[in-house]
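Geometric and topological summary
What follows is each chain in one-letter form.
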Amino acid sequence: MIGSYPITVTGTAPSPLVVKNSIITLNVYATTFNPMTLSTPANGALNVTGPYTFSWVADPNAATYDIDIATDAAFTNIVDAATGLVANSYISGAVLSSNTIYYWRVKPSNQCGSGSFSSAYSFTTSNCNSTVSTAVPVTISSSGTPTITSTINIGVTGTINDIDVVGLIGTHSWINDLTVTLKSPQNTTITLWDQICANENDFNLNFDDAAASATLPCPPTGGGTYQPQGSLAAFNGEDPLGTWTLTIVDNFNQDGGALNGWGLNICLTSISTTIPQNGIVNTITIYPNPTSNAFTLDLGNIENVENIILLDVQGKLIYENNNIINSKIKIDLNNKSEGIYILKVQHHNEVNTYKVVKQ
Ligand SMILES: [Ca+2]
Ligand SMILES: [Ca+2]
């Protein structure tokens, strides 16, 4: 019967009498395996964040397990794999792309042979990304009532469904002087804090609408997370693509400091893969589509197209052209991976979106 059996081996020396015991273990395995049952991430799980931990129900007939993690259900593009795992879990060190569907499966083995891979489970990785400003430090002069700004350029397109301000760090020798606001590329502005506390120094904190407290400590240092005075949800539904501006107004002469760091953690709703292949400007044609390499964007008789951008499905900028001279534009996807790309054509402040498939 399958199982692990301890066997006590006793050795006896007669004169003088010495008895020694040693326990050995007999593992009995069968050559046939039951189907594996996968546990977590649950099949179809959304918004899965790293570290990516995979677990499955232990099989008493298995001595070790193999795991495959792939971007396709056929497991032709395996991004991480491990063999000879003793535990019924695995933490992947692979860097998985955000907002991407992955597939995983597990196979049991023992000294008699190997079983089959389990049916695959799939999950979708989180669609959140952190970006830290490189436009720091910025000095806040102690002279007069300066207004300073610092920017973050976000190169990802999509629809915001959550945004947090992280690592807002700086110095100022009288914190009550300061009003801090955040402006989106679409010019929505919210107040993070407005002249809190008194003559305490410096700041080091994060803002999240979901934080437990809206009451900032004085001074607002210590790296905690608080609700802003305004609502970061005001940015929900906007496209994060473009320049975000943090503004600090120093309302009083004397006392200054510096903004030393800040960042944004932006979560997008999943990018729809049902974008129509032909937008409302039906004189624009794209061919071949699907393509195996390059494709041609034919603007037809449309004049004064201002900007063309091509993004991958995660919103990463692949191609940009804002100096359009010819009506036919060839865009090369030669070194790009197979999948869906999003082409945006801007014409008189109207942006039309097209789906291009490389296969
Ligand atoms: Ca949040
Ligand atoms: Ca001041």
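In short, a report on the structure. (Residues numbered from 1 in each chain as written. Chains lettered and ligands numbered in written order. Predicted model: local features only at pLDDT ≥ 70, side-chain atom pairs only at ≥ 80, totals over all residues.)

**Here's the deal with the overall build of the chain**
Definition in use: Helix and strand labels come from DSSP, where a helix needs a run of H or I of at least four residues and a strand needs a run of E of at least two; each type is numbered from the N terminus. Here the globule rule is a power law, 2.2 Å times the number of residues to the power 0.38, and the radius of gyration is based on C-alpha atoms. Three exposure classes are used, based on other C-beta atoms lying within 10 Å of a residue's own C-beta, which is placed from the backbone: buried for 20 or more, exposed for 12 or fewer, and partly exposed in between. Residue pairs are scored as contacts if the distance between their C-beta atoms, which are placed from the backbone, is within 7 Å.
A tally of helices and strands in the chain yields zero helices and 28 strands. Against the 2.2 N^0.38 benchmark of 21 Å for 359 residues, the chain shows a C-alpha radius of gyration of 29 Å, more extended than a compact globule. Within the chain, buried positions represent 26% of all 359 residues. Counted over contacts in the chain with a minimum sequence separation of 6, partners at least 24 positions apart contribute 64%.

**Some words on the pairing of strand 1 (residues 3–13)**
One face of the sheet, then the other: side chains in a regular strand alternate in exactly this way. Going by this rule: A pair of strands is labelled paired if DSSP reports no fewer than 2 bridges between them.
The element strand 1 is barely covered by neighbouring structure, given that only zero of its eleven residues are classed as buried. By the bridge criterion, eleven bridges tie strand 1 to strand 2 (residues 18–28) in an arrangement that is antiparallel. If you follow glycine 3 over to strand 2, its bridge partner there is valine 28. Between strand 1 and strand 2, which pair antiparallel and follow one another directly, the connecting turn spans four residues.

**So, the sheet that holds strand 26 (residues 328–332)**
Rules: Geometry is summarised by axes, namely lines fitted to C-alpha atoms with helices restricted to the contacting stretch, and by angles between N-to-C directions that run from 0 to 180 degrees.
A sheet is described by the order of its strands in space; here three strands give the open sequence 22-23-26, paired in antiparallel fashion. Only two strands of the sheet have a single partner each, and these edge strands are strand 22 (285–287) and strand 26. Each adjacent strand pair in this sheet contributes to an overall mean axis angle of 20 degrees, direction not counted.

**Concerning the pairing of strand 15 (residues 160–172)**
Examined bridge by bridge, strand 15 and strand 21 (residues 257–268) share ten bridges and lie antiparallel to one another. Residue pairing across strands places glycine 170 opposite leucine 259, the latter belonging to strand 21. Pairing analysis gives four bridges linking strand 15 to strand 18 (residues 203–207), with the strands arranged antiparallel. Residue pairing in the sheet places leucine 168 in a bridge with leucine 205 of strand 18.

Remember, this is a structural readout, not a statement about activity or role.
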